[in-house]
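This is what each chain is made of:
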Amino acid sequence: MNQLVEPLIISILYVSIIIIITMSPGDSSFLDVSQKSFWRRHGLKLPGSVSIVPSNSTGDAKRVIGARYTFNSLVTSTQPPSDKNTILTYSPSLTSPPTPSQQPHRPPVKKNTSASSSSSTSTSPTDPGRHQRSISSPHKSFDAFLMDTNDEWSDTLEASPRPKQRPFLPTKLASSPLPVTLTTHAEVRPDMKAYVQNLLQDPSNILLSIPEQQSGDTSKTTKFKQVLSSSNVDLVALRQLSWSGIPKEFRLMAWQLLLGYLPCNSARRVATLARKRKEYADSVAASYARGTSGLDQGLWHQIHIDIPRTNPGIPLYHYETTQMCLERILYQWAIRHPASGYVQGINDLVTPIFEVFLSAYISDEDPEEYDIRQLDQEVLDVIEADSFWCLSKLLDGIQDNYTFAQPGIQRQISTLKELVCRIDVRLASHLQQEGIEFIQFAFRWMNCLLMRELPLKSTIRMWDTYLAEGSSEGFSEFHVYVCAAFLVKWSDQLQKLDFQGVMIFLQQLPTQGWVEKDVELLLSEAYMWKTLFHNAPSHLK
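Definitions and cut-offs
- Residues numbered from 1 in each chain as written.
- Predicted model: local features only at pLDDT ≥ 70, side-chain atom pairs only at ≥ 80, totals over all residues.
- Heavy atoms only, no water.
- Helix = DSSP H or I, 4+ residues; strand = E, 2+ residues; numbered from the N terminus.
- Contact = heavy atoms within 4.5 Å.
- Areas by Shrake-Rupley, 256 points an atom, 1.4 Å probe, with all protein chains shown as cover.
- Buried < 20%, exposed > 50% of the residue type's maximum accessible area, 1.4 Å probe, protein only.
- Core = buried A, V, L, I, M, F, W, Y, C linked by side-chain atoms within 4.5 Å.
- Phe/Tyr/Trp six-rings, centres within 6.5 Å; stacked < 30°, edge-to-face > 60°.
- Lys NZ or Arg CZ within 6 Å of the ring centre and 35° of its normal.
- Salt bridge = Lys/Arg side-chain N within 4 Å of Asp/Glu carboxyl O.
- Axes fitted to C-alpha atoms, helices over the stretch in contact; angles between N-to-C directions.
- Parallel < 35°, antiparallel > 145°, perpendicular 65-115°, else oblique.
- Nonpolar A, V, L, I, M, F, W, Y, C, P; charged D, E, K, R; others polar.
- Expected span 1.5 Å × (residues − 1).
- pLDDT = per-residue confidence, 0-100.
- Polar contact = N/O pair within 3.5 Å; in protein donor to acceptor, adjacent residues only side chain to side chain.

A. Region of interest: the overall build of the chain. Scanning the chain from terminus to terminus reveals 20 helices and four strands. In the chain, the proportion of contacts linking residues at least 24 apart, taken out of those at least 6 apart, comes to 68%. Roughly 29,200 Å² of accessible area belongs to the chain as shown, and the carbon and sulfur atoms make up 55% of that amount.

In structure tokens, the structure reads:
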């Protein structure tokens, strides 16, 4: 029996010595259980409670994030060691970190100076749903204890409401129940259209500014406005109207729709355009972060030397501003399409798009004679970004024309030869007798889409029909029939010339004076040949 009692007595003495050693000198309250509860004396943390950490700073409340709530932690004021009670203040919960100017006013903390007082209250701003924290007391109720230990994680904690943001309202078209009034820019120059700011946001705003009498064909203008003003544009109806030509005032919107850049749904246009333009701007900024020295020097050099050769007879493309825009567009496209990269001839394809978009923002002045240095930078940035995305959409349908060995062009030239042999046997025989291969003159026709054989304005009209045929079919399949009709048009002159004469004639075709009617006649002949042979390929064999 003595063997069991002796170790027990030793253990009790050992625990007592440890308690006496750890007790702070002069801390009489340690032995006074009536002053503080056990977890208060040792600063212990109960499950589900938040421990109170004294802070020596007088700054703003620290933020505590836990579970799915966001709230401010309790902060104690700096007190002398002799204070018996902990004085607390609350900070209203916020949904985001407050700035110094937004911090709520905190009233000064009141300290209890009476030694005999057994309890005190804390001052805090009025906060619905949160109770005033009680102070430790030997007579505290169990409910008050639960509130003290669990109030910070209470499910009744509500964050202050966020300010309501104004909902995004897309630009409405003329057919919308709520009409939109075009606002004019306060400092619009005479060379700029008055509604340019509205047009920058959404190209469909141009519909509100075009009277039906503005175009020569009022019936055609009315039909275009009716189709384009729909909240969901019918692309089938738009293609049918566009085949015979798009009025100049509608061309910007129609091309962007037919190329798949502008959404058919009017509610998505503003947001989509803003996102795509920002994406292009960010890409350019990243590529040119170190200037031209940070670019792929081989790629950039080839583009740089081709740009001055683009449309050398048109003043618009002589300006450095225009050339820099085209250079950035081509470089961005090339680095995004490593399978093909930049190929000579793509520089020509961007110019019709760039010119059409430019003409939409300036007055009735001829865009080919326009001094682009007068253009606002904001407008120029939009034209450049939109041109890039539309060029990308166009080339997506004919990219095999520019990949290794250019198989798309090889296929088109083969089809062209078969067509000419069926359409004009005498011309095909003459070319064969003179030893002329179709690839010797037709390669450029396919690579540059006849842009070096026709005036730029004629090309723009021809592209109206190409886009109506479909961005891929029009620039690949239908273009072959256009080339066949174009070659056969000069059959009589070519049959009188030898090899050298034929090659010189085809390099310098007399098309400088062509007008819209000449292009429409060429397109009509091409459509006739397509109707005869496209759905009956055996006739080409």
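B. Molecular detail of unusual backbone geometry. A positive phi is found at Asn311, a non-glycine position, where the angle reads about 45°. Mapped onto the elements of the fold, Asn311 is located in the loop between α9 (297-306) and α10 (320-336). We note that Leu449 has phi near 55°; this positive angle belongs to a residue other than glycine. With respect to the helices and strands, Leu449 occurs in the loop between α15 (439-447) and α16 (456-469). When its relative accessible area of 0% is taken as the criterion, Leu449 is described as buried.

C. Spatial organisation of the side chain of Thr459. Along the chain, Thr459 falls in helix α16. You can call Thr459 buried: its relative accessible area is 0%.

D. The nonpolar core, seen in detail. Among the nonpolar cores identified, the biggest contains 123 residues, and Tyr361 and Trp463 are the most heavily contacted of them. Apart from the residues within four sequence positions on either side, Trp463 is in contact with Trp255, Leu349, Pro352, Ile353, Leu394, Leu449, Met451 and Phe475.

E. Spotlight on the packing of aromatic side chains. Within the structure shown, the criterion is met by 18 aromatic pairs. Where Phe441 meets Trp445, the ring centres are 5.3 Å apart and the plane angle is 70°; that geometry is what we call edge-to-face. Of this pair, Phe441 and Trp445 both sit in helix α15, four residues apart, roughly one helical turn. There is no split in this pair, since Phe441 and Trp445 are both buried. In this structure, Lys276 packs its charged tip against the face of Trp389, placed 3.7 Å from the ring centre.

F. Layout of the pattern of salt bridges. The final tally for this structure, using the stated rule, is 14 salt bridges. When the shortest N-O distance is used, the salt bridge between Arg309 and Asp306 registers 3.1 Å. One salt-bridge network, held together by shared partners, links Lys276, Glu279 and Arg336.

G. Inspection of helix α19 (residues 499-507) at higher detail. Along α19, the positions that sit buried rather than exposed are Gly501, Val502, Met503, Phe505 and Leu506. On its buried face, α19 is in contact with α14 (425-433), α15, α17 (473-489) and α18 (491-494).

H. Fine view of the packing of helix α8 (residues 269-287) against helix α12 (residues 377-396). The N-to-C vectors of α8 and α12 enclose an angle of 95°; their axes lie 9 Å apart at closest approach. By the angle class used here, α8 and α12 are roughly perpendicular. Along the contact surface, α8 presents Lys276, Arg277, Glu279 and Tyr280, while α12 presents Val382, Glu384, Ala385, Asp386, Phe388 and Trp389. When its residues are assigned to classes, the contact of α8 with α12 shows five nonpolar, no polar and five charged.

I. Broad picture of α8. Taking 1.5 Å per residue as the helical rise, α8 with its 19 residues ought to reach 27 Å, and the 27 Å between its terminal C-alpha atoms agrees with that figure. What α8 keeps buried is the set Arg269, Val270, Thr272, Leu273, Lys276, Arg277, Tyr280, Ser283, Val284 and Ser287.

J. Inspection of the confidence of the model for the chain at higher detail. Of the residues in the chain, 64% reach a pLDDT of 70 or more, and the chain-wide mean stands at 76. The model gives residues 149-186 a pLDDT under 50, and that stretch makes 71 contacts with residues more than four places away or in other chains.

K. Main features of the side chain of Thr465. With respect to the element layout, Thr465 can be found in helix α16. Of the polar contacts made by the side chain of Thr465, one reaches the side chain of Arg461; its length is 2.9 Å. With near-sequence residues (within four places) excluded, Thr465 lies in contact with Ser242, Trp243, Phe478 and Leu523.

L. Broad picture of the environment of Asn347. Tracing the backbone shows Asn347 in helix α11 (residues 346-361). Residue class for Asn347 comes out buried when judged on its relative accessible area of 3%. C-alpha separation for the pair Asn347 and Leu326, spaced 21 residues apart in sequence, amounts to 7.6 Å. Once you skip the residues sitting within four places of it in the chain, Asn347 turns out to touch Asp306, Thr310, Leu330 and Tyr342. Side-chain polar atoms of Asn347 contact the side chain of Tyr342, separated by 3.3 Å. For Asn347, the side chain forms a polar contact with the main-chain nitrogen of Gly345, separated by 3.0 Å.

M. The packing of α11 against α16, seen in detail. In the contact formed by α11 and α16, the axes pass within 10 Å of each other and the chain directions differ by 85°. For the element pair α11 / α16, the angle class is roughly perpendicular. In this structure, α11 contributes Leu349, Thr351, Pro352, Ile353, Glu355 and Val356 to the contact, and α16 contributes Leu456, Thr459, Ile460 and Trp463. Partitioning the contact of α11 with α16 into residue classes produces seven nonpolar, two polar and one charged.

N. Representation of the environment of Tyr527 in the model. Structurally, the position occupied by Tyr527 is in helix α20 (residues 516-533). Between the C-alpha atoms of Tyr527 and Val482, which are 45 residues apart in sequence, the distance is 7.9 Å. Apart from the residues lying within four places of it in its own chain, the contact partners of Tyr527 are Trp243, Glu469 and Phe478.

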